[in-house]
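Summary of structural features
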Amino acid sequence: KKAAFEKHFRTAVQACGGEMRSAKISQRKKDNKMVSAGFGFVECSSETVAKDVVQKLQGSALDGHNLVLQLAANKAEANKGAKSRSKKQEGDTPDAKPGTKLVVRNLAFEATRQDVLNLFTALGEVKSCRLPRKFDGSHRGFAFVDFASAAEAKTAVTSISGTHLYGRRLLLEFSTEDKNT
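Residues numbered from 1 in each chain as written. Predicted model: local features only at pLDDT ≥ 70, side-chain atom pairs only at ≥ 80, totals over all residues. Heavy atoms only, no water.

1. Side note on the overall build of the protein
- Within the protein, the secondary structure is distributed over five helices and 10 strands.
- A buried classification covers 36% of the 181 residues belonging to the protein.
- For the protein, the share of sequence-separated contacts (at least 6 apart) that also reach a separation of at least 24 residues comes to 58%.
- For the protein, the accessible surface area stands at approximately 11200 Å², while carbon and sulfur atoms represent 49% of it. (Helix = DSSP H or I, 4+ residues; strand = E, 2+ residues; numbered from the N terminus. Buried < 20%, exposed > 50% of the residue type's maximum accessible area, 1.4 Å probe, protein only. Contact = heavy atoms within 4.5 Å. Areas by Shrake-Rupley, 256 points an atom, 1.4 Å probe, with all protein chains shown as cover.)

Written as structure tokens, this is what we have:
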């Protein structure tokens, strides 16, 4: 499947006059096997080429799936909305230092704890991952992920913000909840 993924995008990138620098399919563990997590990343030689590829391949079929493509947001832009929202809601001071715990919002209801762990363990040591649940047992659409260090948490925010999981765009921000919870 990776070969088909790479060929599909390499052909389109070259047709748009560019070069594909890298292609990666995100994976998760299922039944002790690594399987596709349903999304991937392609890096092109320029933003113009990337925009052309998105336009060219939007809705195209790959391995029986219609592709939904979007440009990755600039790291600063992706985090700007979450940071300003958290400051307004939580009353953060501008000099507050980020901790190790993140809130992952807009989590698809079909996502499992293992899906969230698979997404974040590639970026650092995850101390805990919790999906608060409703009375009916389903999770509430967000998760808390606690990293071993603030640097790993910061890397996760800059790397994962805006990433799609099961068709939902993840919103990440530093948690302001009590450290004991």
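The discussion continues.
2. Structural notes on helix 1 (residues 2–15)
- With 14 residues, helix 1 extends 20 Å between its outermost C-alpha atoms, agreeing within 8% with the 20 Å of an ideal straight helix rising 1.5 Å per residue.
- Burial in helix 1 covers these residues: F5, H8, F9, A12 and V13. End-on, the buried residues of helix 1 take up no more than an arc of 120°, which puts them together on one face. Summarising the geometry of helix 1, the exposed residues directed more than 90 degrees from the buried face are A3, K7, Q14 and A15.
- Where helix 1 is buried, its residues meet strand 1 (20–30), strand 2 (33–44), helix 2 (47–57) and strand 3 (61–62).
- Remark: G17 follows helix 1 within two positions and exhibits a positive phi of approximately 85°. (Expected span 1.5 Å × (residues − 1). Arc of directions from axis to C-beta.)

3. What to know about the pattern of salt bridges
- For the structure on display, the rule yields three salt bridges.
- Between E47 and K51 there is a salt bridge; the shortest N-O distance is 3.5 Å. One end of the pair, E47, and the other, K51, are both in helix 2, four residues apart, so they sit about a helical turn from each other.
- Overall, the relative accessible area of 54% leaves E47 in the exposed class.
- Using a relative accessible area of 44% as the deciding quantity, one classes K51 as partly exposed.
- Between E173 and R105 there is a salt bridge, and its shortest N-O distance comes to 3.1 Å. Here E173 is found in strand 10 (residues 171–174), whereas its partner R105 is found in strand 5 (residues 101–105), with 68 residues between them in sequence.
- According to the relative accessible area criterion, R105 is partly exposed, its value standing at 26%. (Salt bridge = Lys/Arg side-chain N within 4 Å of Asp/Glu carboxyl O.)

4. Things to note about the nonpolar core
- Ranked by size, the top nonpolar core spans 24 residues in total, and within it L102, L107 and F120 carry the most contacts.
- Secondary-structure elements contributing two or more residues to this core are strand 2, strand 5, helix 4 (113–121), strand 6 (126–130), strand 7 (143–147), helix 5 (150–160) and strand 10.
- If we ignore the near neighbours within four places in the chain, the residues touching F120 are L102, V104, V126, V145, F147, A156, I160 and L172.
- Among the nonpolar cores identified, the runner-up in size contains 15 residues, and M20, A23, V49 and V53 belong to it. (Core = buried A, V, L, I, M, F, W, Y, C linked by side-chain atoms within 4.5 Å.)

5. Some remarks on the pairing of strand 7
- Most of strand 7 is tucked away: five of the five residues are buried.
- With burial as the criterion, each face of strand 7 is covered, one bearing A143, V145 and F147 and the other bearing F144 and D146.
- As paired strands, strand 5 and strand 7 are joined by four bridges and run antiparallel to one another. Residue L102 lies in a different strand from strand 7, and its bridge partner there is V145.
- Pairing geometry for strand 6 and strand 7, over four bridges, is antiparallel. (Pairing = 2+ DSSP bridges.)

6. With respect to helix 2
- Among all positions of helix 2, only V49, A50, V53, V54 and L57 are buried. Viewed end-on, helix 2 has its buried residues packed into an arc of 140°, placing them on one side of the element. Turned more than 90 degrees from where helix 2 packs its buried face, E47, T48 and Q55 sit exposed.
- On its buried side, helix 2 packs onto helix 1 and strand 2.

7. Re the packing of aromatic side chains
- In total, this model carries three aromatic pairs according to the counting rule given.
- Ring centres of F5 and F9 lie 5.1 Å apart, and the angle between their planes is 55°; on these two criteria the pair is classed as tilted. A residue pair is termed a helical-turn pair when its members lie 3 or 4 positions apart in one helix, as F5 and F9 do in helix 1 at four residues.
- With a relative accessible area of 9%, F5 lands in the buried category.
- On the numbers, 6.1 Å between centres and 70° between planes, the contact of F120 with F147 is edge-to-face. Of this pair, F120 sits in helix 4 while F147 sits in strand 7, and the two are 27 residues apart along the sequence.
- Of note, K101 hangs over the ring of F144, and the distance from its end group to the ring centre comes to 6.0 Å. (Phe/Tyr/Trp six-rings, centres within 6.5 Å; stacked < 30°, edge-to-face > 60°. Lys NZ or Arg CZ within 6 Å of the ring centre and 35° of its normal.)

Geometric descriptors of this kind do not, in isolation, establish any biological role.
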